[in-house]
Amino acid sequence: MSNTLRLWLLVQEMIPTLNISNTTPGWLEKDEVNGFGPEFEQQPVDTIYPEESPESKIIMSCRARANPPAIYKWKLNDMEIDLSEEGSHYSLSGGNLVISNPLRTEHVGKYSCLATNMFGTVVSQEASVQFGYLDFFSLEERGIVHVKEGQGAVLLCAPPPHFPGGLSFRWMLNDFPSFISLDKRRFVSQITGNLYISKVDSSDRGNYSCMVSSPSSSKSVFSNYIPLKSLAERPIRKYPADLRVKFPDTTALVGQNVTLECFALGNPVPDIHWRRMGKEMPYNHEVRMAGAQLYLHNVQFDDSGTYRCEAVNSKGKDFHYANVSVQAFPEWVERIRSTEKDIYSSFTMSCIAKGEPQPQIRWLKNGEPMDRTEMRFSRLKFDDSGMYQCIAENRHGVIFANAELRVIALAPKFERRSQKNVLAPKNGRVVIECRPKAAPRPTFFWSKDTELLSNSTRVFIWLDGSLEILNVTRADEGRYTCFAENDLGKANSTRPLLVTESTKITLAPSNADVNVGENTWMQCAASHDPLVDITFVWSLDGREIDLHKDSAHFESILNGSSNSKLLIKNVQLKHAGHFACTAKTQVDNITASAHLVVRGPPGSPGGVRILNKTDKSVTLQWSRGADHHSPISKYTIQYIDQFSKEVWKTATTSPADVEGNAETATVVNLFPWTEYEFRVIATNTLGTGDPSRPSPKDRTLESVPVVAPSDVGGGGGTSRELTITWTPVQPQYYYGTNFGYIVAFKPREEFEWKRVAVADPGAKHYVHKDPTIPPLTEFEVKVKAYNSQGEGPYSLTAIIYSAQDAPYEAPANVEGRALSATAATISWISLSQSNIDGYQIKYWRNHEDSEGGAQRVVALAMDNHTKLEGLRSNSEYLVEVRGYNSAGYGPPSKRIKIHTKKPPPDRPPKIISTKLKGKFVNIAWEQVEPLNNESSIDGYRVLYKQKGNPVPTLYTTSKKYIELPLPADGEYVVEVRAHTEGGDGAVAQISVQGGGIIPTVSLRVSSLLLVVLLLLNI
């Protein structure tokens, strides 16, 4: 040992060691501490408890991973819940909080869970408990709404009290479930529930009821009927567009879906158009409900802006602006992580969040708030150990990040493992690590054999204790020892160093040139020191090739231990580039490379755009893409239009063949006033390439329509009306703006045609009202299309008939009689009109139900009575009858009242004896005593039938026994039930066996006593 080293070791032994173990917590006295603080695996979530829920409890989830296991507590509105309180609704199941028989007055609020063990406490995110409900509509009668035909109407829903929001609304017309269909003329706001009719016509007459459904339950409620009466006005006046539904300023969170509503009254029915001021509409937008809704899917910050809806008809326009602001829930940019830190070291917990508005940061330690904005420690103490929580919060929500900080103190200690030789390449570089466990960080010294080392031009001792040697030579071989020391102790570790020969490339890969789909290969060889193993790694343009994942195209074949061959199969264009072969050993590596040229189909053309356009053609321009080392021979142009549902079609061009040197072409045979996108595909002798990106969407110019409506017909409808129907022209044949229909009609004997314009492109019918039209008059009708460029051809002429008259009388002498607790019969005098198709009978409970929830049955025209079944017992019903035909319903009869009978007893007769009397069997039972709310007993009905025979014999008796003929053989069933005016009661049943053996069985009572009596008789 050298004198220098002996002196250094002597000095180290003389340095006194500072003992700080008496300041160390008991659980940190060992070198390593087992266990960890609580970490949430499941946290409570916001809960809505439906008040009508069959479940009588709420479960708030909380589970934490911890060692030792966590102990749980819960808080309500920041106050700890006393789980041991007598009569408490609260209990714990694991970490979950169970609220039994929850009450709205006691259990609404914000809940949080606390999980604690010896390492600290963490607090869960807060979760609310709310009670969901949907009350019934008020039973007050709704007023009649009178509207002139052609004017607009608004029917108010006025939904009842409820929680939560987000109700869904539908409207019913006259009968359940006849819900009105929504179209360009009718709209239901899903914000207010109101029904808007832009232009009222005679078909809108009737009784309307608003149906409201809650998202938190399956419950739906109906409003009382709102009668709408349209007043005929001739001629029907026209009114300018008048926006009545206007979306408000809207704030949404990133990722949410947004629906903006806009609807206008007016005649003609207004068109609704949407735009975003100063910007294009977002790519994720969708216009729904014939223009009344703008739907934005998965909104992002770029979707913010001022949106405008405009309503336009031939009499005027109206518009509305409002802002859409997109904000964001807090999100972590950088979050805290559990860590161990040395005693007395400095440390900063970093916690950064983003959101809109910018979240505020606050801190908890072991569940308690800390009055500091950042968690910075200049000199860590043991008291700083614990569970830390960083909380980021803005108006949209809160997020938590949890971490354990453990402050440790350890004397240096090296792992007990065999000290393998360290290998270093000759003329290369080597790093010998020194990684003891120690806290605080130790001081490091190194020696080679007996020589103490210090930093030089070739030797460096790193801050982490590692030793680096550059330009290694054989003279550097030897035993290297690392010495580590801190205030708690010292330790050392020794590693031998051996010097190996450097690795060299002896055969480098060669350049290659192939076509797409062919195979090729590259070869690489290297020499290396026998003390080390060698492997070959292949890479393409700097990325290592995954031979397992890319086995379809790459395979490496070893030719001996020092030679690698890379087979490249089914070469694709993406495989062109620089291939590198790296020979790797434990101590060094070396690389050689080669270039692969791949010839294949052309790349995508670029910059496709429309230069000019007509009504049926466009001229395109594009720029050439890569030819991939083979000249382009031709181009193919494809298109997609607004109606083709993302199916690309090959376009007809002029010239028909587009040569490979062309960069323009004209596409012909297009539809007028249709939105198109185009793409271009290049081809060479090696194949067809990928298509270009689509051109910007653009429309061809307008033109006169050439397609007439089909299936023209009609007839029927309301009295004094002529209803004309047709199949609308498909949108691709509109050929321009302001598309509509011209309807022409005349009585068959006349010569002059009457023409009417219908401005709705989706219209399927037109109703002509004229009080002078006789019923069932023969008309000729035809329809054609028009747009802003002119009129198209007429359809074929059809023959139809005007409507018959609706019934004008109410059925008379309506009478009703309750048959039982659940059935009644209704009768009336048939109407004298000959065109009656049938009768509608409407009925509902007088006090319990609203007319909106009335039930209906129909009877044939030849009938003058019907039976109502499935009624509620002991209830008063209101009943009205009216006739109907294809023209509509007639006036209702006067309402009558029917009171159903009390129900029969729900208890069966108790059979008390069964006796044989010669060829008869006598069966006796106890009297059934009815309750106050049940019908009195009129007698008993006895059903007697052979098992397997569907035809029974029915007996009636007012006595409490009956004698029945005893069968010679076979098994018979006897059923006994009480009979009342409200119907038959519950049944008692016994079996009778032919030959005199009578075992007894009862559906409700099985009595051993009857068996004993029977045996005694025998």
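Residues numbered from 1 in each chain as written. Predicted model: local features only at pLDDT ≥ 70, side-chain atom pairs only at ≥ 80, totals over all residues. Heavy atoms only, no water.

> Before we move on, could you go through the packing of aromatic side chains and cite the residues and values that matter?
Going through the model one piece at a time under the given rule, you end up with 24 aromatic pairs. For the pair Tyr 639 and Tyr 676, a centre-to-centre distance of 5.7 Å together with 70° between the ring planes defines the contact as edge-to-face. Placement of the pair is Tyr 639 in strand β58 (residues 632–641) and Tyr 676 in strand β63 (residues 675–684), with a sequence separation of 37 residues. Both residues of the pair, Tyr 639 and Tyr 676, belong to the buried class. Just above the ring of Tyr 295 sits the side chain of Arg 288; from NZ or CZ to the centre is 3.7 Å. Directly above the ring of Trp 521 sits Lys 565, whose terminal nitrogen or CZ lies 4.4 Å from the centroid. (Phe/Tyr/Trp six-rings, centres within 6.5 Å; stacked < 30°, edge-to-face > 60°. Helix = DSSP H or I, 4+ residues; strand = E, 2+ residues; numbered from the N terminus. Buried < 20%, exposed > 50% of the residue type's maximum accessible area, 1.4 Å probe, protein only. Lys NZ or Arg CZ within 6 Å of the ring centre and 35° of its normal.)

> Would you mind going over the pairing of strand β7 (residues 90–93) in detail, with residue names and values included?
When β7 meets strand β8 (residues 96–100), the two strands line up antiparallel, connected through 4 bridges. Paired with Ser 93 across the strands is Asn 96, a residue of β8. Between β7 and β8, which follow one another and run antiparallel, lie 2 residues, and Gly 94 among them has a positive phi close to 65°. (Pairing = 2+ DSSP bridges.)

> Could you give an account of the side chain of Ser 630, naming the residues involved and the relevant values?
Within the secondary structure, Ser 630 sits in the loop between β57 (618–623) and β58. Judged by relative accessible area, Ser 630 falls into the buried class, the value being 6%. Polar contacts involving the side chain of Ser 630 include one to the side chain of Thr 685, which spans 3.1 Å. (Polar contact = N/O pair within 3.5 Å; in protein donor to acceptor, adjacent residues only side chain to side chain.)

> Pulling in residues and values, what's your account of the state of the cysteines?
A complete count under the given rule lists 6 disulfides for this structure. Across a sulfur-sulfur distance of 1.9 Å, Cys 434 and Cys 482 are joined as a disulfide pair. Disulfide Cys 434-Cys 482: the torsion about the S-S bond is -75°, which places it as left-handed. Highlighted residues: Cys 434 in the loop between β39 (430–432) and β40 (437–439) and Cys 482 in strand β45 (residues 478–486), separated in sequence by 48 residues. Both residues of the pair, Cys 434 and Cys 482, belong to the buried class. (Disulfide = S-S within 2.5 Å.)

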